[in-house]
Amino acid sequence: MTQAQAMPVPSFAEESERKLCIICSKGTLDMAYPGLVLANAALMEGIEVHMFFTFWGLDMVNKKTMSHLKATPVGNTAMHMPQAISPLPGMTAMATHMMKKEIDKLDFPPIDEFLQQVSDAGAHLWACKMSADMMKLDQDEMFDEIEDIIGATDFMEMSDGAQIIFI
Amino acid sequence: MSAQTIAGQEVDLDEEGFMTDPSQWNREVAEQLAEQIGVAPLTDEHWKLLEFLRSDYEEEGETATLRRVTKLAGVPTKDLYRLFPKKPAKKMAYVAGLPKPHGCI
């Protein structure tokens, strides 16, 4: 039997040359997820991914803090809470608890699990030297899958030809 | 949309090449689809995932996310990327004869 048209095959059989570098500079729960979600999505599309953790973003890969990131309503008008009550005791804990619950409902993993997932999927994780020095953090105090502590110039070399997202 | 014959079976494909009717799928079709995207031959490890994806789709009505696959089928992320390289979610769905997954995870 002859077929009227050639069989369409999805384009994902082709190799992607795309490379993505995500700079994570924030250590709050709400700012940790966007980088991880984008990294994961890029990996699922066969894109080479590098994540560079700098300044407060280092909290995302600091073993002491990575499981305790918080979301705060203070100064965040998008939480739609009167700003006068946002700094009251317990408000940050409550906002954090609520956000974690909502994230779990959507079946997104907690930060440490998510980092493991993107690492297993092939993401390269790097820590910023200046930030590590400033926070007096050694590599053995960081998430095990961090490949190295590198400077900004190393990062520039590594990100040659890449698309860069700063969070 | 186009109608094709794969492994002697009539199948409807969308513009991209994904099957539009999961009931037209069988193991021979899967082997052919796997061949098209370079993941053939299918091993027991592949089949375990494809069978999970099929039965989960039947219950849930949508293609499982990779996270769901790792949690419920108990297959680690690394294995998913090894078995269906580069684009595991889409490749698995394609070979399983299911719609392209739309989840972010």
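Our subject is the structure listed above.
It should be emphasised that the depicted structure is a prediction, and the values quoted were computed from it without experimental measurement.

What counts as what
- Residues numbered from 1 in each chain as written.
- Chains lettered and ligands numbered in written order.
- Predicted model: local features only at pLDDT ≥ 70, side-chain atom pairs only at ≥ 80, totals over all residues.
- Heavy atoms only, no water.
- Helix = DSSP H or I, 4+ residues; strand = E, 2+ residues; numbered from the N terminus.
- Rg over C-alpha atoms; globule rule 2.2 N^0.38 Å.
- Buried < 20%, exposed > 50% of the residue type's maximum accessible area, 1.4 Å probe, protein only.
- Lys, Arg positive; Asp, Glu negative; His and termini not counted.
- Charge placed at Lys NZ, Arg CZ, Asp CG, Glu CD.
- Contact = heavy atoms within 4.5 Å.
- Pairing = 2+ DSSP bridges.
- Axes fitted to C-alpha atoms, helices over the stretch in contact; angles between N-to-C directions.
- Patch = residues over 30% accessible without salt bridge, like charges linked within 9 Å, V, L, I, M, F, W, Y side chains within 5 Å.
- Areas by Shrake-Rupley, 256 points an atom, 1.4 Å probe, with all protein chains shown as cover.
- Salt bridge = Lys/Arg side-chain N within 4 Å of Asp/Glu carboxyl O.
- Buried area = accessible area lost by both parts, 1.4 Å probe.
- Core = buried A, V, L, I, M, F, W, Y, C linked by side-chain atoms within 4.5 Å.
- Expected span 1.5 Å × (residues − 1).
- Arc of directions from axis to C-beta.

Caption draft 1: Representation of the overall build of chain B in the model. Along its length, chain B carries 5 helices and 2 strands. The secondary structure elements of chain B, listed N-terminal to C-terminal, are β-β-α-α-α-α-α. The C-alpha radius of gyration of chain B comes to 13 Å, within 12% of the 13 Å expected for a compact globule of 105 residues. C-alpha atoms of chain B, sized along the principal axes, occupy 35 × 25 × 20 Å. Within chain B, the fraction of its 105 residues that count as buried is 50%. Taken as two groups, the 13 positive and 18 negative side-chain charges of chain B have centres that lie 11 Å from each other.

Caption draft 2: Geometry of the environment of Ala32(A). Residues and elements named next belong to chain A. Its place among the elements puts Ala32 in helix H1 (residues 29-44). C-alpha of Ala32 to C-alpha of Gly57: the two residues are 25 residues apart in sequence and 7.6 Å apart in space. For Ala32, the contacting residues outside a window of four places in its chain are Met60, Leu69 and Ile111.

Caption draft 3: Quick look at the sheet that holds strand E2 (residues 48-53) of chain A. Residues and elements named next belong to chain A. Strand order in the open sheet formed by 5 strands is E4-E3-E2-E1-E5, and the pairing between neighbours is parallel. Sheet topology places strand E4 (146-150) and strand E5 (163-166) at the edges, where each strand pairs with a single neighbour. Direction aside, the axes of adjacent strands within the sheet are offset by 20 degrees on average. Across the sheet, H1 is in contact with strand E1 (19-24), E2 and E5; its angle to E2 comes to roughly 160 degrees.

Caption draft 4: Just a nonpolar patch on the surface, in detail. There is a patch of nonpolar side chains on the surface, built from Phe55(A), Trp56(A), Met130(A) and Met134(A) and spanning about 430 Å² of accessible area. Within the fold, Met130(A) resides in helix H4 (residues 129-134).

Caption draft 5: Spotlight on the interface of chain A and chain B. At the junction of the two partners, chain A supplies 24 residues and chain B supplies 32 residues. Summed over both partners, the interface of chain A with chain B comes to about 2700 Å²; 56% of that surface belongs to carbon and sulfur atoms. The three residues of chain A that bury the most area against chain B are Met7(A), Phe12(A) and Met44(A), which together make up 28% of that side's buried surface. Linking chain A to chain B there are 6 salt bridges. In this structure, the salt-bridge partner of Lys90(B) is Glu45(A), at a minimum N-O distance of 2.9 Å.

Caption draft 6: A look at the nonpolar core. Judged by nonpolar contacts, the single largest core of 73 residues is most densely connected at Met51(A), Phe53(A), Leu115(A), Val69(B) and Val95(B). Sorting elements by how many residues they give to this core places H1(A) first, with 8 residues. Not counting residues up to four positions away in its chain, the partners in contact with Val95(B) are Trp25(B), Ala30(B), Leu33(B), Ala34(B), Ile37(B), Val39(B), Leu42(B), Leu50(B) and Phe84(B). One finds Cys21(A), Ile23(A), Phe52(A) and Phe155(A) within the second-largest nonpolar core, a separate group that totals 9 residues.

Caption draft 7: Quick peek at helix H2 (residues 91-105) of chain A. Residues and elements named next belong to chain A. Its 15 residues give H2 an end-to-end C-alpha distance of 21 Å, which sits within 8% of 21 Å, the value for a rise of 1.5 Å per residue. Where H2 is concerned, the buried positions are Met91, Ala95, Thr96 and Ile103. Take H2 and look down its axis: the buried residues cluster within an arc of 130 degrees, on one side only. Turned more than 90 degrees away from the buried face of H2, the exposed residues are Ala93, His97, Asp104 and Lys105. Just downstream of H2, Asp107 is the residue with a positive phi angle, here 65 degrees.

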